[in-house]
Amino acid sequence: FFLRSMSGTNPPSGQAGSPNVKPTRGSPMGYLQEMMPNTGALRPSFRRNYITWNYNGFYLLGGLVAMTIFGNYCLYLTCNRRREKEVEKRTNRIALVPYLQAENDHYYRLEKDRWNTFEAEVMSDVSGWEVGKSVYNS
């Protein structure tokens, strides 16, 4: 809030006590309200801003087609790379399966021999027991 200037001189426009600052209606303490300058408000500009370049539908459609073709080409390359990696992985697995199976068979045979030795020890006093034979008769 701006107070009215008590001196007799008029301060510059826009400050408290200038002719552009009027007291508010019904203000007992002398508060002041800022008013627009004596020259008036700024004039609005109604000048039209014309477009310098118009992107018509043909340009937009051409851009859309170009981006779609480029995206599909990138997708095609990515799918080919992924397919090559899967084929390489599959061929490596196929090449390794006989070695892994032979190793597994070897460990299975060792465990089976250990089990037969343990079975022979445990069942040594049972008459008619055959080591390694199935207990089922089917």
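Residues numbered from 1 in each chain as written. Predicted model: local features only at pLDDT ≥ 70, side-chain atom pairs only at ≥ 80, totals over all residues. Heavy atoms only, no water.

Here we take up the side chain of glutamate 119. When you line up the elements, glutamate 119 lands in helix α1 (residues 57–122). At 6.5 Å, lysine 112 is the nearest oppositely charged side chain to glutamate 119, a buried residue that forms no salt bridge. (Helix = DSSP H or I, 4+ residues; strand = E, 2+ residues; numbered from the N terminus. Buried < 20%, exposed > 50% of the residue type's maximum accessible area, 1.4 Å probe, protein only. Lys, Arg positive; Asp, Glu negative; His and termini not counted. Salt bridge = Lys/Arg side-chain N within 4 Å of Asp/Glu carboxyl O.)

The next thing to look at is α1. For an α-helix the count is 3.6 residues per turn, leaving residues at separations of three or four pointing the same way. Its 66 residues place the ends of α1 91 Å apart at the C-alpha level, agreeing with the 98 Å of an ideal helix rising 1.5 Å per residue. At leucine 96, α1 shows its largest kink, close to 35°, and the proline proline 98 lies no more than four residues downstream. (Expected span 1.5 Å × (residues − 1). Bend = angle between axes of the 7 residues up to and from the residue.)

Looking now at the pattern of salt bridges. Per the stated rule, a full pass over the model turns up two salt bridges. Here aspartate 113 and arginine 109 are joined by a salt bridge, their closest N and O atoms 3.1 Å apart. Separated by four residues within a single helix, aspartate 113 and arginine 109 lie in helix α1, roughly one turn from each other. The exposure class of aspartate 113 is partly exposed, given its relative accessible area of 36%. Overall, the relative accessible area of 45% leaves arginine 109 in the partly exposed class. Across the salt bridge formed by arginine 114 and glutamate 111, the nearest N and O atoms sit 2.9 Å from each other. Here arginine 114 pairs with glutamate 111, and both are found in helix α1, just three residues apart, close to one helical turn. Owing to a relative accessible area of 46%, glutamate 111 belongs among the partly exposed residues under this scheme.

Bringing the confidence of the model for the protein chain into the picture now. Here the protein chain shows a mean pLDDT of 82. Residues at 70 or above account for 75%. For the protein chain, per-element mean pLDDT is lowest for strand β1 (residues 2–3), which scores 50, and highest for α1, which scores 96. This stretch, residues 4–8, has a pLDDT under 50; its non-local contacts, to residues over four places away or in other chains, come to five contacts. (pLDDT = per-residue confidence, 0-100. Contact = heavy atoms within 4.5 Å.)

Tracing the sequence through the fold places asparagine 116 in helix α1. Once you skip the residues sitting within four places of it in the chain, asparagine 116 turns out to touch Val131 and Gly132.

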